[in-house]
Amino acid sequence: MAVTDAQNPLLGEDTCGSLLNKLREIWDEVGENDEERDKMLLQLEQECLDVYKRKVEQAAKSRLQLLRSLSDAELELSSLLSALGEKSFTGIPEKTSGTIKEQLAAIVPVLEQLWQLKEERIKEFSDVQSQIQKICGEITGELNPDQTGTFAVDESDLSLKKLDEYQSQLQELQKEKSERLHKVLEFVSTVHDLCTVLGMDFFSIVTEVHPSLNDSTNVHSKSISNGTLARLAKTVLTLKEDKKQRLYKLQELASQLIDLWNLMDTPQEERRLFDHVTCNMSNSVDEVTVPGALALDLIEQAVVEVERLDQLKASRMKEIAFKKQAELEEIFACAHMEIDPEVAREKILSLIDSGNIEPSELLADMDKQIANAKEEALSRKDILDKIEKWMSACEEESWLEDYNRDENRYNASRGAHLNLKRAEKARVLVNKIPALVDTLVAKTQAWEEAHDMSFTYDGVPLLAMLDEYAMLRHDREEEKRRMRDQKKYHEQQSTEQEPVFSPRPSPARPVGNKKVVGPRPNGGANGTPNRRLSLNQNGSRSTTKDGKRDNTRPVAPMNHVSISKEDAASHVSGTEPVPTSP
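Residues numbered from 1 in each chain as written. Predicted model: local features only at pLDDT ≥ 70, side-chain atom pairs only at ≥ 80, totals over all residues. Heavy atoms only, no water.

## Considering the packing of helix H13 (residues 359-405) against helix H15 (residues 433-451)
At step 1: Relative orientation of the contacting elements H13 and H15 amounts to 155°, with a least axis distance of 10 Å. In terms of axis orientation, H13 runs roughly antiparallel to H15. Here H13 and H15 pass one another in a crossing that is left-handed. Side by side, H13 and H15 meet where Ser379, Arg380, Asp382, Ile383, Lys386, Ile387, Trp390, Ala393 and Glu397 of the first sit next to Ile433, Val437, Thr439, Leu440, Lys443, Thr444, Trp447 and His451 of the second. (Axes fitted to C-alpha atoms, helices over the stretch in contact; angles between N-to-C directions. Helix = DSSP H or I, 4+ residues; strand = E, 2+ residues; numbered from the N terminus. Parallel < 35°, antiparallel > 145°, perpendicular 65-115°, else oblique. Left-handed = near helix turned anticlockwise from the far one by under 90°. Contact = heavy atoms within 4.5 Å.)

In structure tokens, the structure reads:
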């Protein structure tokens, strides 16, 4: 030890060797014996050993602490890498390289980087999860503003994969939020349009659903919760149903107004005052978009007008009823159906005066009668058209007969060529009368079978008229044949009695030729009424009580003979062919 201490390069300083030398010099001066000296040296050695032990223990504790720190750092590194999902991270040292302090010094910067990365990840997770929490709260309607931004992040998994999952969830929620916001805005727009048409206060209705739906607020701050959407949908359905009911009510009122106007011949100037009511008469619910078109005050205005016209209609009931009765009589007259107008008008007056029937019921009953009359007139139209043709042919036949009796018809008088042309046309038309009457009889019989009633023309059974016409035509043909025979006989007698060169007297014109006449709308063949036809002459067809023909009785036969132009002029007038019995 003394040698070592003596070789200590430190000079000018106390060392263990120098101090031991000084101690020996002191002992020499004092005269300490060797035993004391050994004892004190042993004590010094023991004290030095204790100091070394303490230093070793301290060094061991320091090493153990460093090992623990290194182990903790490695554990934290592993935990951070696991939490952050980093399988490999730049700068991580190898476990076996360098001393403990070197390993610890190498791992600390990596830990600091990972701690910083962890804080950034936590912030990102917090932001994403806070947004998710906020949107979920907006959707469920349970968002608490005080809890915004206080979301606790689970630090056990801060990996990018987990962050991507949260970000994907956030994107889906943001998309759903956008869709919900779009749907809310659509609902709000629909409510606005409906309120505009219905004349209702939009702001009071929409803010009743949720205060954030007011137009003055920010678009993105509007509520998109399930409850808000449900209430908006319910509000829209309610308003649409209200719109539908109001439109139906308005259309009913418009229909009533038009009916009342038509009944009372209301002038157009007065009708135009309610164009805003009648303009939606045929529109569907979706087509009504004019602001205020279905407002309650407008409907109330229409109701008041209908009530006013109803009262006016009641006071003018007789005039309206007689107007409808005139329309009914006109239909019957055009269809040549006979009714008693006086009885019908007396019945109307008695019903109105008695008050036993509502005016609307009376008018509805008359409208029904008019509809039935129109239907029956339509079923008779084809036959009536043929009757008109038959009557027109009969008129021409009557004129042709008068024309043929005129001995001056071939004189060169004014208008003679026009009469000649008319006579030619009349002969062609007269030759068609038998076929026309045959067709008319067939159609009349078919009509009577279909309707189970007799077809009458101005109160006279049509088949009876045709039967009498056939009978009279047959009698006329027989008369013409007899007259021709008589004429030939007289000519033969005159030829035998007269000298050869004596002038031949013209035969006397036969008197009393029977002129067959067809029915006419306003009278007989020569302008005389011919409504009542005698049906009990010489084998004509008889009719039953309901006007139908009794086909069991014989009919006088008709002979279709060749008729000259002059003879054809005496045929009766008519529009349809005459049925011939074989």
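## Remarks on the pattern of salt bridges
At step 1: For the coordinates displayed, the defined rule picks out 19 salt bridges.
At step 2: With its nearest N and O atoms 3.3 Å apart, the salt bridge here joins Glu138 to Lys177. Here Glu138, found in helix H4 (residues 100-140), pairs with Lys177, found in helix H5 (residues 160-198); they are 39 residues apart in sequence, far enough to count as distant.
At step 3: Through salt bridges with shared partners, one network takes in Glu270, Glu305 and Arg308. (Salt bridge = Lys/Arg side-chain N within 4 Å of Asp/Glu carboxyl O.)

## Things to note about unusual backbone geometry
A negative phi holds for most residues other than glycine; trans holds for most peptide bonds.
At step 1: Of note in the backbone geometry, His336 takes a positive phi value of approximately 55° without being a glycine.
At step 2: Inspection of the secondary structure assignment puts His336 in the loop between helix H11 (317-334) and helix H12 (341-354).
At step 3: Backbone geometry places Asp452, a non-glycine residue, at a positive phi of 55°.
At step 4: Within the secondary structure, Asp452 sits in the loop between H15 and strand E1 (456-457).

## Here we look at the confidence of the model for the protein
At step 1: Considering every residue of the protein, the mean pLDDT works out to 78; 79% of them sit at 70 or more.
At step 2: Considering each helix and strand of the protein separately, the mean pLDDT is smallest for helix H17 (residues 565-568), with a value of 38, and largest for H5, with 91.
At step 3: The model gives residues 1-11 a pLDDT under 50, and that stretch makes four contacts with residues more than four places away or in other chains.
At step 4: Considering only residues more than four positions removed or in separate chains, one finds that residues 500-518, a stretch of pLDDT under 50, has 40 contacts. (pLDDT = per-residue confidence, 0-100.)

## Structural notes on a negative patch on the surface
At step 1: Among the surface-exposed residues, Asp34, Glu35, Glu36 and Asp38 lie close enough to one another that they form a single negatively charged patch.
At step 2: With respect to the helices, strands and loops of the structure, Asp34 is situated in helix H3 (residues 34-84). (Patch = residues over 30% accessible without salt bridge, like charges linked within 9 Å, V, L, I, M, F, W, Y side chains within 5 Å. Areas by Shrake-Rupley, 256 points an atom, 1.4 Å probe, with all protein chains shown as cover. Lys, Arg positive; Asp, Glu negative; His and termini not counted. Charge placed at Lys NZ, Arg CZ, Asp CG, Glu CD.)

## A look at the packing of aromatic side chains
At step 1: All told, the structure shown has six aromatic pairs when counted by the stated rule.
At step 2: Summarising the aromatic geometry, the rings of Phe125 and Tyr166 are spaced 5.7 Å apart at their centres and angled 80° between planes, so their arrangement reads as edge-to-face. Of this pair, Phe125 sits in helix H4 while Tyr166 sits in helix H5; the two residues are 41 residues apart in sequence, bridging distant segments of the chain.
At step 3: Between Trp390 and Tyr469 the ring centres are 5.3 Å apart and the planes differ by 85°, which places this aromatic pair in the edge-to-face class. Note that Trp390 is positioned in helix H13 and Tyr469 in helix H16 (residues 462-497), a separation of 79 residues in sequence. Tyr469 shares its class with Trp390; the two are buried.
At step 4: It is Arg422 that lies over the ring of Trp399; its NZ or CZ is 4.1 Å from the centre. (Phe/Tyr/Trp six-rings, centres within 6.5 Å; stacked < 30°, edge-to-face > 60°. Buried < 20%, exposed > 50% of the residue type's maximum accessible area, 1.4 Å probe, protein only. Lys NZ or Arg CZ within 6 Å of the ring centre and 35° of its normal.)

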